[in-house]
Amino acid sequence: PSAEQLAALRKKLSRVDTDGAADAAAEEEDGDDEAEARRGAAALGLGGSEQPESDSEDEMPLNTIGNVPLEWYDGFEHVGYDLEGRKIMRGARTDELDALIKRFDDPDANRTIHDALHGVDVVLSQEDVALIRRLQRRRYPGATFDPYPETVPFDFPDGKVHPLSSAPPRKAPFLPSKDEAKKVMRLVMAMRSEQYQRSVANRRLQEAKERPDYQQLIWDEPPEGEVRHRKRLPAPKVSLPGNAESYNPPKEYLFTPEEAKAWEKMDPADRPLGFVPQAYDAMRKVPQYDGLIRERFERCLDLYLCPREAKTRLDIDPDSLLPQLPSPAELRPFPERLSSRFVGHAGRVLSVSVSPSGEHLLSASADGTVKLWEVETGRCERTCSLGAEVRSVRWCPNGETAVAAAVVGVKMLLLLPLREPLPAAVR
């Protein structure tokens with residue numbers, strides 16, 4: 001803006017500040033006077049102009065996006081959709097300088113707010129402004145509402161609230177009336193009559209005919225087997241105290257120092273007794289039991305968490321637990337005749353491994369030896385004695401290295417079976 005525009009703007013700001021303060025004070029006084037006048041008219045029964053009827057559809061918001069955040073529409077030209085699905089275009093927003101200049105020229109600028117849901121500016125009416133001011137002052141929304149109505153006096157027919165006489169009540173009001181007893185007897189005789197019983201039966205038949213017939217397929221089918229209801233068992237009883245729980249138990253129930261130390265070292269779940277028996281001369285010398293609250297709490301947990309149901313024993317045939325083996329015909333093709341035989345170990349063979357090339361075979365035995373066999377001929381090329389039982393032997397998957405590993409006890413040894421010559425200690 002130019003210097004002339006800035007000078008004109010400063011003059012308007014100074015004039016609006018003084019005029020705005022005066023207008024605000026005048027409006028506040030007018031609002032207070034108007035509220036006092038309405039309250040006085042309501043108290044005298046003279047006020048109360050009828051409010052114009054309003055259509056609920058006109059008060060509904062035109063934007064139907066629901067609870068969708070308005071930030072999602074920042075990059076679009078519209079702010080939502082109306083009831084017919086048409087776009088609600090965003091209103092033209094001016095910059096802050098134009099808005100400030102317009103505020104000085106527009107007399108309704110103080111009552112104009114921006115509706116972000118519909119993207120338009122809304123001018124509040126005098127009633128809306130008065131309502132907002134009442135709410136800001138923590139008053140009732142309605143100007144004619146009287147929070148302190150006049151007290152309605154209650155008229156007592158007897159002229160008193162409490163009886164003045166302390167005489168006891170008469171006995172007659174508490175005795176059954178003879179007339180009422182006769183009426184009850186007549187009703188009982190009528191209910192026992194055959195006519196009444198027939199009328200009751202006819203009414204039940206009529207109600208059954210009028211009742212809709214709902215076809216519930218899940219209930220129409222009869223149950224396949226006998227319905228077994230769950231039977232709840234009573235809570236287990238606490239075992240009665242024995243001699244060890246006595247305040248002066250026999251000496252054979254008291255712990256020796258060695259038994260007390262062994263009891264302290266044991267796990268709480270493995271202890272035969274949850275306490276150390278002690279002897280006292282008199283009952284009054286027995287102190288409070290330290291584990292009382294803990295035992296009561298564990299008892300409540302047992303009653304609350306442990307299921308108490310009658311469990312039936314399962315009668316299962318042991319043969320039914322064995323898996324059903326397939327027939328040999330289903331496992332073909334498989335070798336049906338002996339093609340090669342490898343003989344040479346003195347003990348049980350524990351592990352066998354074939355080389356990556358498929359030409360050699362390593363076998364580990366309980367006699368402490370590892371033998372290298374030729375697969376095609378079944379000939380033993382060499383034997384390695386490792387001095388103890390060999391649990392496992394495996395070739396290296398890399399065929400170029402020709403390395404094997406053997407497990408002897410807690411050790412793992414690496415072997416070179418194909419290297420020549422072998423050391424004399426492992427021949």
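About the thresholds
Residues numbered from 1 in each chain as written. Predicted model: local features only at pLDDT ≥ 70, side-chain atom pairs only at ≥ 80, totals over all residues. Heavy atoms only, no water. Helix = DSSP H or I, 4+ residues; strand = E, 2+ residues; numbered from the N terminus. Contact = heavy atoms within 4.5 Å. 1 Å grid on protein atoms, 1.4 Å probe; cavity = no way out; pocket = protein on both sides within 12 Å on 5 of 7 lines; lining within 4 Å. Points joined across faces, edges and corners; volume = space filled by probe spheres on them. Patch = residues over 30% accessible without salt bridge, like charges linked within 9 Å, V, L, I, M, F, W, Y side chains within 5 Å. Areas by Shrake-Rupley, 256 points an atom, 1.4 Å probe, with all protein chains shown as cover. Salt bridge = Lys/Arg side-chain N within 4 Å of Asp/Glu carboxyl O. Lys, Arg positive; Asp, Glu negative; His and termini not counted. Charge placed at Lys NZ, Arg CZ, Asp CG, Glu CD. Pairing = 2+ DSSP bridges. Axes fitted to C-alpha atoms, helices over the stretch in contact; angles between N-to-C directions. Nonpolar A, V, L, I, M, F, W, Y, C, P; charged D, E, K, R; others polar. Buried < 20%, exposed > 50% of the residue type's maximum accessible area, 1.4 Å probe, protein only. pLDDT = per-residue confidence, 0-100. Phe/Tyr/Trp six-rings, centres within 6.5 Å; stacked < 30°, edge-to-face > 60°. Disulfide = S-S within 2.5 Å. Core = buried A, V, L, I, M, F, W, Y, C linked by side-chain atoms within 4.5 Å.

*Asks:* Quick one: what's the story with the side chain of H360, residue by residue and with numbers?
*Replies:* Relative to the helices and strands, H360 is located in strand 6 (residues 360–365). Excluding anything up to four places from it in sequence, H360 contacts S353, V354, S355, L372, W373, V375, E381, W395 and L418.

*Asks:* So what's going on with the layout of surface pockets? Residues and values would help.
*Replies:* Where empty space is left can be seen by rolling a probe of water-molecule size over the atoms. Taken as a whole, the largest pocket encloses approximately 1200 Å³ of empty space. By residue number, the principal contributor to the lining of the largest pocket is helix 9 (residues 292–305), which donates seven residues.

*Asks:* I'd like to hear about a positive patch on the surface, residue by residue, with values.
*Replies:* A surface patch of like charges, here positive, comprises K178, K182, K183 and R186. As for its position among the elements, K183 is in helix 5 (residues 178–192).

*Asks:* So, the sheet that holds strand 10 (residues 404–408): which residues are in play, and what are the values?
*Replies:* Hydrogen bonding along the main chain pairs the strands of a sheet, whether they run parallel or antiparallel. Spatial strand order, 9-10-11: three strands in an open sheet with antiparallel pairing. Sheet topology places strand 9 (390–395) and strand 11 (411–415) at the edges, where each strand pairs with a single neighbour. Between one strand and the next, the sheet's axes are offset by a mean angle of 20 degrees, whatever the strand orientation. One ladder, built from five bridges, connects strand 9 with strand 10; its direction is antiparallel. Looking across to strand 10, one finds that S392 is bridged to V407.

*Asks:* Tell me about empty space enclosed by the protein, residues and numbers included.
*Replies:* Throughout the structure, instances matching the rule amount to one cavity of 30 Å³ or more. If you add up the space inside the largest cavity, you get close to 30 Å³. What lines the largest cavity is simply L362, V370, K371, L372, R382, C384, L415 and P417. Of all the secondary structure elements, the ones that give two or more residues to the lining of the largest cavity are strand 7 (369–374) and strand 8 (380–385). Broken down by element, the residue count for the lining of the largest cavity peaks at three residues, all from strand 7. Looking at the lining of the largest cavity residue by residue, the class counts come to six nonpolar, no polar and two charged.

*Asks:* Describe the environment of V407, listing the residues and the values that go with them.
*Replies:* Counting through the fold element by element, V407 comes out in strand 10. Of the residues examined, V407 reaches a relative accessible area of 28% and is grouped as partly exposed. Spatially, the C-alpha atoms of V407 and E389 are 8.7 Å apart, while their sequence positions differ by 18 residues. Non-local contacts of V407, meaning those with residues more than four positions away in its chain, are made with E389, V390, R391, S392 and M412.

*Asks:* For the confidence of the model for the protein chain, give the residues involved together with the corresponding values.
*Replies:* For the protein chain, the average pLDDT comes to 76, and 73% of its residues sit at 70 or higher. Here residues 16–22 is modelled with pLDDT under 50, and outside its nearest four sequence neighbours on either side it reaches two contacts, counting other chains as well. In the model, residues 422–427 has pLDDT below 50 throughout and makes ten contacts with residues more than four positions away in sequence or in other chains.

*Asks:* Which residues make up the packing of aromatic side chains, and what are the values?
*Replies:* Aromatic ring pairs are described here by two measures, namely the spacing of the ring centres and the angle between the planes. Within this structure, the stated rule accounts for three aromatic pairs. With centroids separated by 4.7 Å and ring planes inclined at 50 degrees, the aromatic side chains of Y140 and F145 adopt a geometry described as tilted. Classification of Y140 as partly exposed rests on a relative accessible area of 46%. A relative accessible area of 44% means that F145 is categorised as partly exposed. For the pair F342 and W373, a centre-to-centre distance of 5.5 Å together with 80 degrees between the ring planes defines the contact as edge-to-face.

*Asks:* Could you give me a rundown of a nonpolar patch on the surface, with the residues and numbers involved?
*Replies:* A contiguous nonpolar patch, built from F297, L301, Y304 and L305 and spanning about 480 Å² of accessible area, is present on the exposed surface. The residue L305 is located in helix 9 in this model. Taking relative accessible area as the criterion, L305 reaches 56% and is therefore assigned exposed.

*Asks:* Lay out the state of the cysteines in plain terms, naming residues and giving numbers.
*Replies:* Overall, the coordinates contain zero disulfides when judged by the stated rule. Free cysteine: C384, not disulfide-bonded; nearest cysteine sulfur from C380 at 9.3 Å. With a relative accessible area of 9%, C384 lands in the buried category.

*Asks:* Explain the pairing of strand 5 (residues 349–354) residue by residue, including any values.
*Replies:* For strand 5 and strand 6, the ladder comprises five bridges, and the chain directions are antiparallel. Note that in strand 6 the partner of V349 across the bridge is S365. The turn joining strand 5 and strand 6, which pair antiparallel and follow one another in sequence, is formed by five residues; a positive phi near 80 degrees is taken by G358.

*Asks:* Residue-level account of the sheet that holds strand 5, with values.
*Replies:* Reading across from one edge, 5-6-7-8 is the order of the four strands in this open sheet, with antiparallel pairing throughout. Both outer strands of the open sheet, strand 5 and strand 8, are each paired with one neighbouring strand and no more. Ignoring strand direction, the axes of neighbouring strands in this sheet form an average angle of 20 degrees. Where strand 7 meets strand 8, five bridges bridge the pair, whose relative direction is antiparallel. By the bridge assignment, V370 is partnered in strand 8 with C384.

*Asks:* For the nonpolar core, give the residues involved together with the corresponding values.
*Replies:* Counting residues in each nonpolar core, the largest one holds 13 residues, and the members touching the most others are L362, V370, L386, V390, V393, A406 and L415. Once you skip the residues sitting within four places of it in the chain, V393 turns out to touch S351, S353, L362, S363, A364, V370, A405 and A406.

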